[in-house]
Amino acid sequence: MENLFTDEYFMRMAFNEAVTAFERDEIPVGAVIVCNNKIIAKAHNLTETLTDVTAHAEMQAITSAANYLGGKYLQDCTLYVTLEPCVMCGGALYWSQISKVVYGASDEKRGFKAKIGELHPKTEIVSGIMKDECGQLMKEFFQRKR
């Protein structure tokens, strides 16, 4: 039987979180963390809602997943996030020892690749999944702000 749970399937779930953020006037970034083909955490940006610059979707998802698993390490987990993580989130992902990060749109100015280059040496990185949809949602958000 074919595995229905693909990178695109889980990125679609993260994208749904980004749409929720968009609707709540938050920068539209969404994230889910998956372990054994099961979503154990989902989140979106809450920086405006919480008036907290650290309340990025990835940070919210990392905390939720760690609570779910009962430990601080996310080995054997995959993060799906609609935008390339920033340096802060990259650091948190490094320390969480997450196994895989899949992101949609690249962030040429603030993404971790432009600043630090890589995450934990054992972390697999996949980029470009649904990049057009993820990027378009960001563009629409910022055009609406102008």
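Within every chain, residues take consecutive numbers counted from 1 along the sequence as written. With the structure being a predicted model, the display of local features is reserved for residues of pLDDT at least 70 and the display and counting of side-chain atom pairs for 80 or more, all residues being used for whole-chain, interface and lining totals. Side-chain calculation: all heavy atoms of the structure are included, whereas hydrogens and water are not.

**Structural notes on the UniProt feature "binding site: Zn(2+)" (unreviewed entry) in the chain**
UniProt positions are given in the numbering used here, feature names are shortened, and annotations may be inferred rather than shown by experiment. The feature "binding site: Zn(2+)" (unreviewed entry), as given by UniProt, occupies His56, Cys86 and Cys89 in the numbering adopted here. For the residues just named, distributed over 34 residues, the greatest C-alpha separation is only 9.3 Å, placing them together at one site. In this description a helix means any DSSP run of H or I spanning at least four residues, a strand means any run of E spanning at least two, and both kinds are numbered starting from the N terminus. Topologically, His56 is positioned in the loop between strand 2 (38-44) and helix 2 (57-69). Residue contacts are counted whenever heavy atoms from the two residues lie within 4.5 Å of one another. When sequence neighbours within four positions are dropped, the list of residues in contact with His56 reads Asn45, Thr47, Cys86, Met88 and Cys89. For His56, the side chain forms a polar contact with the main-chain oxygen of Val53, separated by 3.2 Å. N or O atoms closer than or at 3.5 Å make up a polar contact, with two conditions inside protein: a donor-capable atom paired with an acceptor-capable one, and, for residues adjacent in sequence, both atoms drawn from side chains.

**Considerations on the side chain of Glu26**
For Glu26, the location among the structural elements is in the loop between helix 1 (7-23) and strand 1 (30-35). Here the term buried applies to any residue with accessible area under 20% of the maximum for its type, exposed to any over 50%, and partly exposed to those in between, with areas from a 1.4 Å probe on protein chains only. None of His or the chain ends enter the tally, which takes Lys and Arg as positive and Asp and Glu as negative. Whenever a carboxyl oxygen of Asp or Glu lies within 4 Å of a side-chain nitrogen of Lys or Arg, that contact is scored as a salt bridge. Despite being buried, Glu26 has no salt bridge partner; Arg24 is the closest side chain of opposite charge, sitting 7.9 Å away. In this structure the side chain of Glu26 is engaged in a polar contact, spanning 2.6 Å, whose partner is the side chain of Thr49. In this structure, Glu26 is in contact with Ala21, Asn45, Leu46, Thr47, Glu48, Thr49 and Phe141, ignoring residues within four places of it in sequence.

**Observations regarding the UniProt feature "active site" (unreviewed entry) in the chain**
Under the UniProt annotation, "active site" (unreviewed entry) lies at Glu58. Other than its neighbours up to four places away in sequence, Glu58 contacts Val29, Ala31, Leu79, Val81, Leu83, Pro85, Cys86 and Cys89.

**Structural notes on helix 3 (residues 87-96)**
Those residues of helix 3 that fall on the buried side of the exposure criterion are Cys89, Gly90, Leu93 and Ser96. Projected onto a plane normal to the axis of helix 3, the buried residues spread over an arc of 125° and lie on a single side. Contacts made by the buried residues of helix 3 are with helix 2, strand 3 (77-83) and strand 4 (100-105). Note on helix 3: the residue one or two positions beyond its end, Gln97, has a positive phi of about 60°. Note that the arc is computed from the directions linking the helix axis to the C-beta atoms.

**Some remarks on the packing of helix 2 against helix 3**
With their axes 9 Å apart at the nearest point, helix 2 and helix 3 run at an angle of 20° to one another. By the angle class used here, helix 2 and helix 3 are roughly parallel. The crossing of helix 2 and helix 3 is left-handed. In this structure, helix 2 contributes Glu58, Met59 and Ile62 to the contact, and helix 3 contributes Met88, Cys89, Ala92 and Leu93. Three classes are used: nonpolar for Ala, Val, Leu, Ile, Met, Phe, Trp, Tyr, Cys and Pro, charged for Asp, Glu, Lys and Arg, and polar for all others, with Gly counted as polar. In terms of residue class, the contact of helix 2 with helix 3 is made up of six nonpolar, no polar and one charged. To define axes, lines are fitted to C-alpha atoms, for helices over the stretch in contact only, and angles between the resulting N-to-C directions are given on a 0 to 180 degree scale. Relative orientations are named as follows: roughly parallel for angles under 35 degrees, roughly antiparallel for angles over 145 degrees, roughly perpendicular for angles from 65 to 115 degrees, and oblique for any other angle. By the definition used in this description, the sense in which the near helix is turned from the far one sets the handedness, with an anticlockwise turn below a right angle giving left-handed and a clockwise turn giving right-handed.

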